[in-house]
Amino acid sequence: MLDLCNKRWPRKLLLIACLLSVLVCVLISYRECCQQPGGRRRDDPGFLAAEWGRGRNMVRSVWDEEISETFLSGRRQYRMHLQQARYVDANYNIDVRDELPANAGPLRRDGTGPARPRHRVRQTNPHNPLAFGYRDEDADRSSGTTDATLNPLLSSNSLNATRKLPQVIIIGVKKGGTRALLEYLRLHPDIRAVGPEVHFFDRKYDNGLEWYRRKMPPTIARQITMEKTPSYFITREVPARVYNMSRDVKLLVVVRDPVTRAISDYTQTVSKKNTKKFEELAFINNATGLVDTSWSAIRIGVYAKHLERWLQYFPLSQFMFVSGEELISNPGKEMGLVQNFLGIKKVVSEKHFYFNQTKGFPCLKKKEGSSSPHCLGRTKGRAHPDIEPNVIQRLRDFYRPFNMKFYQMTGRNFNWP
Ligand SMILES: Nc1ncnc2c1ncn2[C@@H]1O[C@H](COP(=O)(O)OS(=O)(=O)O)[C@@H](OP(=O)(O)O)[C@H]1O
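Residues numbered from 1 in each chain as written. Predicted model: local features only at pLDDT ≥ 70, side-chain atom pairs only at ≥ 80, totals over all residues. Heavy atoms only, no water.

Asks: Hey, could you run me through the site of the ligand in this one?
Replies: The full set close to the ligand counts 26 residues, and T178, K228, S264, G381 and H384 are the nearest of them. The backbone of G176 places a nitrogen or oxygen atom 3.3 Å from an oxygen atom of the ligand. In this structure, an oxygen atom belonging to the ligand sits 2.5 Å away from a side-chain N or O atom of T178. Protein chains bury 98% of the 640 Å² of accessible surface belonging to the ligand in isolation. Within the residue set of the shell around the ligand, elements represented by two or more residues are α8 (178-185), α11 (258-272) and β18 (361-364). It is α8 that contributes the most residues to the shell around the ligand, four residues altogether. (Near = heavy atom within 4 Å. Polar contact = N/O pair within 3.5 Å; in protein donor to acceptor, adjacent residues only side chain to side chain. Areas by Shrake-Rupley, 256 points an atom, 1.4 Å probe, with all protein chains shown as cover. Helix = DSSP H or I, 4+ residues; strand = E, 2+ residues; numbered from the N terminus.)

Written out as structure tokens, the structure reads:
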């Protein structure tokens, strides 16, 4: 009672209250400046990853457009203003640990523009300017090169990117339009592919799976690794070898009218060396009209036979048979089917293509900052030699039953004449 009556007691209370509020202020400031809501420190790698995860969701993929997105990080806002980004996807072409573009940085408090950068951000371009220059005939000489190694921006800095064995392979067919398919798929941010043909399962199998894996570009979790080697489809040993690597792999086969395909194959051979006339090679005896199935240009087109071997290892559901003709006449639609089969978002569509009158084929619309369109190289879309109509007719008659069988096996009618 005496104490309560003591006049000094309220002053003591006031002092304690003051000290307590100072302590609370110090704690709040510490939390504001040094900790995130999850309790992690800024320099904790776990925090950086968590922060990146949040930011990633805020960045949308945009085609051919200026990107201006808000990147929320904890309580602060970051504005990434990335110009000249043809396709930007935060998962692999913006790395928070790297360099910040001049115009990027945290928003000022009033939200008007970038202030001093906190993280350094790098914008990378997933489009390899060399991608369209591959010549499949040159594949062996360059097979050590992936799109990642050609484009240093793709090679290393992707968050948690690792080299994986392919989940998708374009296994054929030679001259079917495999290069076009691969290059169109490479536009997709969820696809990373080796540029040149690897020829692992048919020619370099002895190098071992580890060698093969190292040929693949680095990918992050949601990205699909793929390669294309058209000779796989017709090489006897390949289905078992692919199965040994993965029984779940998805297999893309680009097929084309086998007669046109054979002429295309022949055109390629002629471009390299002097050769007999097409009809001399196509028939055992031109007079009897017996087709020479030992000539690879003819043999490759008997698709049903080759497919039979693959079906001993893989169910039909793991294959997609892409129409080489549709890839030329309607690339957007055919690419829609492919993306659907691969279970990826439909990103590549008709808007990415235009028909190049001079080349006579679809090409990709020009890249930003470049005035020239992107067409496949000179070895794609060559002029074919004139072949006598009766030779063509005899080949059509030869292929017809095999084609019918192939339509039946695949469930897709390609309507080849
Ligand atoms: N956009 C575009 N531009 C050029 N060429 C195109 C395109 N789309 C499909 N094609 C067809 O692809 C044929 C070549 O097929 P591949 O790429 O499978 O050839 S290879 O086996 O890799 O050598 C090639 O065969 P040829 O016309 O005989 O040269 C083309 O018909």
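Following the structure, the description resumes.
Asks: I keep staring at the side chain of D265 and nothing clicks. Help me out?
Replies: Looking at where D265 falls in the secondary structure, it is placed in helix α11. Using a relative accessible area of 2% as the deciding quantity, one classes D265 as buried. Within polar-contact distance, the side chain of D265 engages the side chain of K174 at 2.8 Å. Beyond its immediate sequence surroundings of up to four residues, D265 is in contact with K174, K175, A297 and I300. (Buried < 20%, exposed > 50% of the residue type's maximum accessible area, 1.4 Å probe, protein only. Contact = heavy atoms within 4.5 Å.)

Asks: What is the right way to read the state of the cysteines from this model?
Replies: Two cysteines whose sulfur atoms are joined by a covalent bond form what is called a disulfide. Throughout the structure, instances matching the rule amount to one disulfide. In this model, C363 is linked to C375 through a disulfide, with the two sulfur atoms separated by 2.0 Å. Across the disulfide from C363 to C375, rotation about the S-S bond amounts to roughly 105°, and the bridge is consequently right-handed. With a gap of twelve residues between them, C363 in strand β18 and C375 in the loop between β18 and α17 (389-410) connect regions that are remote in the sequence. C375 shares its class with C363; the two are buried. (Disulfide = S-S within 2.5 Å.)

Asks: Whenever I open this one, the UniProt feature "active site" (unreviewed entry) in the protein chain confuses me. Can you help?
Replies: The UniProt record marks K175 with the feature "active site" (unreviewed entry), using the residue numbering of this structure. Checked against the element boundaries, K175 lands in the loop between β9 (168-172) and α8. For K175, the residues in contact, after removing those within four places along its chain, are R256, R261, S264, D265, Q268, T379, K380 and R382. (UniProt positions renumbered as here; feature names shortened; annotations may be inferred.)

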